[in-house]
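Understanding the architecture of this molecule
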Amino acid sequence: NAVPQMVAPDTDSNHNPSFSPTVQVLRVLPVTSNQAAKRYRVILSDGTQHCQGMLTTQNNHLVESGEVSSHVFLKVNDFMKNVVQGKTIIILLGFEVLNNPGHTIGTPTSIDSATAASAPAIPKTEPVRSGMGMSSNPYGGGGHAQASSAPIMRTTGSSSSKPITPIASLNMYQNRWTIKARVTNKGDIKHWSNAKGEGQLFSVELLDSGMDIRATFFKEAVDKFFTMLEVDKVYCFSGGRLKAANMQYNTCKSSFEITFDQNSEITLENDSGEISQQTYDLKPISELDAVEPGAYVDVLGVVKHVSEPATIVSKKTGKELSKCELTVGDDSGGEVSCTIWGDRAMNAQQEFADTPVVAFRRARVSDYGGRSLSASGGNATVVNPRMPEADRMRSWWQAGGSQGAVKKLSTGGGGGANRFPEFDQRKSIAAIKGEGMGHNSDSKPDYVSFKATVSFIKSDREGGAWYPACFNPNDPCKNRCKVNQSTNGMWHCERCNQTNAECVYRYIFSATISDGSATSWVSFFDDQARVLLDGVDANDLQKAYDEDNETYLGHFAKAQFTDWVFTCKVKQEFHQDESRVKTSIQSIHPVDYAKEGRSMLNAILAM
Amino acid sequence: MSGEGVFPRLNATMLENGMGEGMILSICGAFESTDGQSFTLRTSDGKTLRYAISGDIEFEQGKIVEVMGAKNADNGVQLDAFVARDLGQDFDLDLYNDLITKVISSGRYNDIFIPK
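All of these numbers come straight from a predicted model, not from anything done at the bench.

1. Remarks on the overall build of chain A
What chain A contains, in helices and strands, is 14 helices and 29 strands. Evaluated residue by residue, chain A yields a buried proportion of 45% over its 607 residues. Across chain A, every contact between residues at least 6 apart in sequence was considered, and the portion connecting residues at least 24 apart equals 63%. Only carbon and sulfur atoms are counted for the fraction: they give 49% of the accessible area of chain A, which is about 31,400 Å².

See the structure below:
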């Protein structure tokens, strides 16, 4: 009775190590197909009934060597069950070859006529019983007995009359299947035009209770199905072709991809709730440092901060791209920077306001700034997803998770040079020396943020509080490289080799900044100095120096004793044989006193 | 609690609870209305107090101020107002209220806020 057990509807597949039935191979038949690999079909018998089976191509050599041939006994350790057009086929994944008695044992009859459609809802015992009754008939062979068999019971468990194949069971051996799945992701229609012609396509991701799979619709299928398929609804899909998944773009768990054309059939199903909204394989943020860059992870966390959106030019496509950084923390205590791209970045400050719980599916891990994440497009990023883990995350946040110690995986320097340093990310000026900053073995700089007051500006630098920079606004200079003045008053740039009558003045000067713990010398460069000096351009200041010294001094006096939130870069610099730790201003933000006050009050109350 | 130059910082609730009896006290809030001789102040805890104007006070509707005053049970007012100091438009009254209730009058930091 091994065959009925293998074929029975609730034997899912191979995960029962204690079930290793012994069967006899009645016949081995090569399968002719238009696919390149040769495959062998087998008839398996338990002495009473027989069923269809298939060998995996890895075992083809056993047939070719004669080890697996008619009448040999096999002990099946690992198998998979598939239903094709009402017939069950056992795919042998692992087996041992036993002895070969040389003839058929018993008079087995086909189980297919007895079981008919094996939909999951059928109770196990019924079809088996009628089959058993049949086989005790003293008929030889298979044919006639089947013709006068008990009426074929065609009970179904789903609303369609077709048996449903789990996505996890899809394989290249069967080309007719129906899956029932939820559309979890739907891409936009893409058009292509190349030497071979042109066309359109769109892709979806489908999820059932066991697995998800990517499917693509081409040409006329796009017109037929694009508007019909809605994300989050459940459909039955049939008439699709399988191919191996392209792992470069495909992040679904299935090793296959489906192609649908205009002859495919898709019907809307009732959402009985058995298929979940989305499966996540959540990685705690604090463990991201062990994840290889380039890998994809699912992350769930609270968005603590949203940066201003920024536009960059993509080095790859040359196009403008918007981006925005989210600071995400979870209950593992980890915190990481996650980048949102495109139009969604422009609205991110509204969409992610009020510290929502957000699920990031298939975010790419990068080693930028230590570790950071890049969010996938579409609805892979879900704000306040409906899942129990999200509720737990929200409870953790409200119960004090917002105040807890944090392990930052993205450093301040890596998260975008101008990112506002949050209150809990700050240190004090005394930490620069106190923590021995700038003394890294690989000469990498340290970054530190604090709120401080500008106590003194050394505006009387030799040559002025600026340097002459190249007039060339393009690469490689971008108005930044130092130029030298020749005897005829022209400015020459060694970087781009241009000589111009004019130069652009950019700020460079030293200053001291102080807080309650210490004072430090720092360097200011043009971008930050401009903010400090209330927007006054170095070129204008340079003119004032000559013409109106009092106004010139007045600008610096105004900036003295002003408060700012600074991010500083602390790095060792080598001059001849000496090395010194130098601190320069990376970013400067005005102090929002009410916001700072609120942060301080919260910190006091948490003490 | 008061000493030279030190005045208790209260809101309406704290005043109702009997704090600041018989001394000059400071209450922050926003000007609400005036009839020339008295004005009402919406305090940092969202309640309303009526002051008699005793001194040079420039009323401006909605302006956030610190009013120095003292309790007064007569004339239909609750307090006399001596001077009102402008606190600016971006003053966060909620933050201030939390400060005076949760920190200053909590008792935990008396050695910082209460003169000996």
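2. Re the interface of chain B and chain A
By a widespread convention, an interface's size corresponds to the accessible area lost as its parts come together. Taken together, the ten residues of chain B in the interface contact seven residues of chain A. Between chain B and chain A, the buried area comes to about 700 Å², and carbon and sulfur atoms account for 65% of it. Seen at the junction of chain B and chain A, the total is one salt bridge. For Arg598(A), the salt bridge identified is with Asp98(B), shortest N-O distance 2.8 Å. For the pair chain B and chain A, the interface holds two residue pairs in polar contact (both at pLDDT 80 or more).

3. Details of empty space enclosed by the protein
The rolling of a water-molecule-sized probe over the atoms marks out the regions of remaining empty space. Residues and elements named next belong to chain A. Under the counting rule described, the total for this entry stands at five cavities of 30 Å³ or more. Here the second largest cavity is characterised by a volume of approximately 40 Å³. Forming the boundary of the second largest cavity are Thr327, Glu335, Val336, Ser337, Lys408, Leu409, Ser410, Arg419 and Gln425. Of all the elements, strand β16 (residues 334-341) adds the most residues to the lining of the second largest cavity, at three residues. Among the residues forming the lining of the second largest cavity, the class breakdown is two nonpolar, four polar and three charged.

4. What about the confidence of the model for chain B?
Looking at chain B, the pLDDT average stands at 88 and 96% of residues meet or exceed 70. Under the prediction, the complex receives an ipTM of 0.88, its pTM being 0.48.

5. What about the environment of Gln542(A)?
All names here are of chain A. As for its position among the elements, glutamine 542 is in helix α12 (residues 538-547). Using a relative accessible area of 18% as the deciding quantity, one classes glutamine 542 as buried. For the pair glutamine 542 and tryptophan 466, spaced 76 residues apart in sequence, the C-alpha to C-alpha distance is 8.0 Å. Those residues within four positions of glutamine 542 in sequence are excluded, and the remaining contacts are Trp466 and Tyr505.

6. Things to note about a nonpolar patch on the surface
Residues and elements named next belong to chain B. A cluster of nonpolar residues, Phe7, Ile24, Phe82 and Val83, forms a patch on the protein surface that exposes about 290 Å² of accessible area. Take isoleucine 24: it is sitting in the loop between α1 (12-16) and β2 (25-34). Its relative accessible area of 37% is what places isoleucine 24 among the partly exposed residues.

Cut-offs and rules
Residues numbered from 1 in each chain as written. Chains lettered and ligands numbered in written order. Predicted model: local features only at pLDDT ≥ 70, side-chain atom pairs only at ≥ 80, totals over all residues. Heavy atoms only, no water. Helix = DSSP H or I, 4+ residues; strand = E, 2+ residues; numbered from the N terminus. Buried < 20%, exposed > 50% of the residue type's maximum accessible area, 1.4 Å probe, protein only. Contact = heavy atoms within 4.5 Å. Areas by Shrake-Rupley, 256 points an atom, 1.4 Å probe, with all protein chains shown as cover. Buried area = accessible area lost by both parts, 1.4 Å probe. Salt bridge = Lys/Arg side-chain N within 4 Å of Asp/Glu carboxyl O. Polar contact = N/O pair within 3.5 Å; in protein donor to acceptor, adjacent residues only side chain to side chain. 1 Å grid on protein atoms, 1.4 Å probe; cavity = no way out; pocket = protein on both sides within 12 Å on 5 of 7 lines; lining within 4 Å. Points joined across faces, edges and corners; volume = space filled by probe spheres on them. Nonpolar A, V, L, I, M, F, W, Y, C, P; charged D, E, K, R; others polar. pLDDT = per-residue confidence, 0-100. Patch = residues over 30% accessible without salt bridge, like charges linked within 9 Å, V, L, I, M, F, W, Y side chains within 5 Å.

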